[in-house]
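A closer look at the structure
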Amino acid sequence: QVQLVESGGGLVQAGGSLRLSCAASGGTLSTYTMAWFRQAPGKEREFVAAIEWSGGRTSYADSVKGRFAVSRDYAKRTLYLQMSGLKPEDTAIYYCAARPYGGSSSYSQNYRYWGQGTQVTVSS
């Protein structure tokens, strides 16, 4: 069992930056893939980025490539999402998710554990 707690959301102007964090407790993360998803009001939850915990291989949604960077601190058991060049359309609740096996996936149903989410609002 893995517990995930996100932090770092807030209100930022367009063009600004934010860094989200996701602290993981419980379980052994060596085989895990960790990911960020987001959900805007009235929209489906969508994939943002993922990282394989051991090897560090990353993947990104096309909409955030070149603007967002996912990383992890192995010792601190913390996942990060560095967001820059933020746009109003990035406004959403951002969720951290964990998948025990199977590598990176952009499908939310493949992730077993979820955090409670953190709100990111980008003003124009």
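Refer to the structure printed above.
Not measured: the values here are computed from a predicted model.

**What to know about the sheet that holds strand 8 (residues 78-83)**
One open sheet accounts for four strands, arranged 1-3-8-7; its pairing is antiparallel. Each having just a single partner strand, strand 1 (3-7) and strand 7 (68-73) make up the two edges of the open sheet. Here the strands of the sheet are splayed against their neighbours by 15 degrees on average, with no regard to which way each runs. When strand 7 meets strand 8, the two strands line up antiparallel, connected through six bridges. In the sheet register, Arg-72 faces strand 8, and the bridge partner there is Leu-79.

**Some details on the state of the cysteines**
For the structure on display, the rule yields one disulfide. Disulfide pairing is shown between Cys-22 and Cys-96; the S-S distance is 2.1 Å. Disulfide Cys-22-Cys-96: the torsion about the S-S bond is -75 degrees, which places it as left-handed. Within this pair, whereas Cys-22 is found in strand 3 (residues 18-25), its partner Cys-96 is found in strand 9 (residues 92-99), the two being separated by 74 residues in sequence. Summarising the burial analysis for this pair, Cys-22 and Cys-96 share the class buried.

**Describing the pattern of salt bridges**
Applying the stated rule across the entire model yields five salt bridges. Across the pair Asp-62 and Lys-65 runs a salt bridge whose closest N-O atoms are separated by 3.2 Å. Judged by its relative accessible area of 65%, Asp-62 is exposed. Connected via shared salt-bridge partners are Arg-38, Glu-46, Arg-67 and Asp-90.

**Comments concerning the nonpolar core**
Across soluble globular proteins, you tend to see nonpolar side chains buried next to one another. The biggest cluster of nonpolar side chains holds 37 residues, and the ones touching the most others in it are Leu-4, Met-34, Trp-36, Leu-81, Met-83 and Tyr-94. The set of elements that each furnish at least two residues to this core consists of strand 3, strand 4 (33-39), strand 5 (46-52), strand 7, strand 8, strand 9 and strand 11 (118-123). Leaving out residues up to four positions away in the same chain, Leu-81 has contacts with Leu-18, Arg-19, Leu-20, Trp-36, Val-48, Ala-49, Phe-68, Ala-69, Val-70 and Tyr-94.

**Focus on the packing of aromatic side chains**
Evaluation of the coordinates by the stated rule reveals seven aromatic pairs. Both rings, one in Trp-53 and one in Tyr-74, keep their centres 5.9 Å apart while their planes meet at 35 degrees; by these two values the pair is tilted. In this pair, Trp-53 sits in the loop between strand 5 and strand 6 (58-60) while Tyr-74 sits in the loop between strand 7 and strand 8, placing the two residues 21 residues apart along the sequence. According to the relative accessible area criterion, Tyr-74 is partly exposed, its value standing at 45%.

About the thresholds
Residues numbered from 1 in each chain as written. Predicted model: local features only at pLDDT ≥ 70, side-chain atom pairs only at ≥ 80, totals over all residues. Heavy atoms only, no water. Pairing = 2+ DSSP bridges. Helix = DSSP H or I, 4+ residues; strand = E, 2+ residues; numbered from the N terminus. Axes fitted to C-alpha atoms, helices over the stretch in contact; angles between N-to-C directions. Disulfide = S-S within 2.5 Å. Buried < 20%, exposed > 50% of the residue type's maximum accessible area, 1.4 Å probe, protein only. Salt bridge = Lys/Arg side-chain N within 4 Å of Asp/Glu carboxyl O. Core = buried A, V, L, I, M, F, W, Y, C linked by side-chain atoms within 4.5 Å. Contact = heavy atoms within 4.5 Å. Phe/Tyr/Trp six-rings, centres within 6.5 Å; stacked < 30°, edge-to-face > 60°.

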